[in-house]
Amino acid sequence: MIHDIIIKSGYVIDPEQNTIEMKEIGVRNGLFVAPNEIISENETYIDAEGCYVSPGFIDMHVHIFTGYTELGIDADRVGIEQGVTTVVDAGSTGYLDYAAFKRKVIEPSQTEVLSFLNISRKGLTSSLSELANLEDLMSMEEAKEIFDKELSIVGLKARMSGSVVKNSGIKPLEHARMLADCLNVPIMVHIGNPPPNLQEIFPLLYKGDIVTHAFHGKKHGILNAEGNLIPEALDALKRGVLFDIGHGTSSFSYETLMKFREQYDNPFTTSTDLYIKNYQKPVCSLMNTMSKLLELGVPLIEIVKSVTLGAANALGASDIGTFAQGTKADITIFKLIEQPTILLDSEGVELEAKQILKPYMVLRNGKVVYHDESTNSKRARDNR
Ligand SMILES: [Zn+2]
């Protein structure tokens, strides 16, 4: 039986067309279709009046391996319940526990779950210094085997900061480079306190690789004292290395982002690094992070692009982050609520936001999986 949905009266944000305009979105049997193709007589209408309608949001840096890692948080809690249709676990699991991750997290979640596989076989399951022992690095044979088999793995994760690598220095990233070249997948590199320093890290990154926590406010970051990118970071950006927010407990500074934006108009992606301890403060959700950007003056369309098309491109995924006809209908419907709110970055800087983004309704594969009736006086209605 054909099941048609028309979403009407919402402001549709189309990241490919670069437009925000009132129009209808059509869905047939879980896939996007042109609204004028829907001529059946029992279509369902979703009234999105007063809302924005976007391709489903993607958060490409979360930690959701509950039970196996201390920091894990439930995937749906940071996914569909917060208006996010796809989450990417960034290195919680390595080669050894991937089967458990699949069974415990990917399969039971309503949110689509992808992963950057930790280059340490152990991932974050036994300690947060997973690259201190070079013997724990995944071998080329293991990497080939698991990437061949597991389509939810989109790339490698290498956490390159002092507390993670200890005395291993830059060696784990050199190993990641070798694996990535052979597998033809991106590396997501976490940066933080050295060693190793960015002068060693950036030259090992190529087009399509991702630097998460790019805008942290710690010493030895991407900017020099004058507020310009250090030469290695600038070269990387020119090569097509992507900068990602990866907010986290201690990795997002309003000042760093604003100084970057004053000089460079390269797009970045927006992700949260959500885990159990930063869920209450200071990260809260992807929409909370997006609200911070909006208050900082980043245009809404640019922010939405950074969690839809931009993120999908970074993941090499052509079936998400888009309204393209024939792709699966993952949709985030949200509201901009006028509500003065204090929003913190990781440095404790307070930003008084005038308005914040709030999820209203979420569809995955054309099915409503989340609906917050409290945020709207106008309820979605079923016209059958
Ligand atoms: Zn992380």
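The rules we used
Residues numbered from 1 in each chain as written. Predicted model: local features only at pLDDT ≥ 70, side-chain atom pairs only at ≥ 80, totals over all residues. Heavy atoms only, no water. Helix = DSSP H or I, 4+ residues; strand = E, 2+ residues; numbered from the N terminus. Rg over C-alpha atoms; globule rule 2.2 N^0.38 Å. Buried < 20%, exposed > 50% of the residue type's maximum accessible area, 1.4 Å probe, protein only. Contact = heavy atoms within 4.5 Å. Donors = N, O, S within 2.8 Å, 3.2 Å for Na, K, Ca; no water. Core = buried A, V, L, I, M, F, W, Y, C linked by side-chain atoms within 4.5 Å. Domains from an automatic or database assignment. Polar contact = N/O pair within 3.5 Å; in protein donor to acceptor, adjacent residues only side chain to side chain.

### Some thoughts on the overall build of the chain
Along the backbone of the chain there are eleven helices and 17 strands. Here the C-alpha radius of gyration of the chain, 21 Å, is about what a compact globule of 384 residues would show, namely 21 Å. If one aligns the C-alpha atoms of the chain with their principal axes, the spans along those axes are about 65 × 45 × 35 Å. Residues counted as buried form 60% of the 384 residues belonging to the chain. When contacts within the chain are restricted to residue pairs at least 6 apart in sequence, long-range pairs at least 24 apart make up 73% of them.

### A few points about the coordination of the zinc ion
Every protein donor of the zinc ion is listed here as His61 (NE2), His63 (NE2) and Asp273 (OD), and their distances to the metal cover 2.0 to 2.3 Å. Counting residues between consecutive donors of the zinc ion along the chain gives the motif H-x1-H-x209-D. A relative accessible area of 1% means that His61 is categorised as buried.

### Re unusual backbone geometry
Put simply, Pro195 and Pro196 share a cis peptide bond, and its omega is -5°. Within the secondary structure layout, Pro196 lies in the loop between strand E12 (187–191) and helix H6 (198–201). Of note, the phi angle at His213 is positive, near 65°, even though the residue is not glycine. Tracing the backbone through its elements, the reader meets His213 in the loop between strand E13 (210–212) and helix H7 (231–239). For His213, a relative accessible area of 2% puts it in the buried group.

### Concerning the nonpolar core
In terms of nonpolar packing, the biggest core is built from 88 residues, with Ile64, Leu173, Phe215, Ile222 and Phe243 touching the most fellow members. Formed jointly, this core draws a minimum of three residues from each of two domains, domain 1 (4–54 + 326–338 + 352–375) and domain 2 (56–315). Among residues more than four places away in sequence, those in contact with Phe215 are Ile222, Phe243, Asp244, Ile245, Ser251, Phe252, Ser253, Thr256, Leu257, Phe260 and Phe268. Ile25, Ala48, Val53 and Leu363 belong to the second largest nonpolar core, which has 17 residues in total.

### Quick word on the side chain of His61
Of note, His61 is situated in strand E8 (residues 57–62). A polar atom in the side chain of His61 sits 3.3 Å from the side chain of His63. Within the structure, His61 has its side chain in polar contact with the side chain of Thr212 (distance 2.9 Å). Contacts of His61, omitting those with residues within four sequence positions, involve Val88, Ala90, Lys157, Met188, Thr212, His213, Asp244, Gly246, Ser271, Thr272, Asp273 and Leu274.

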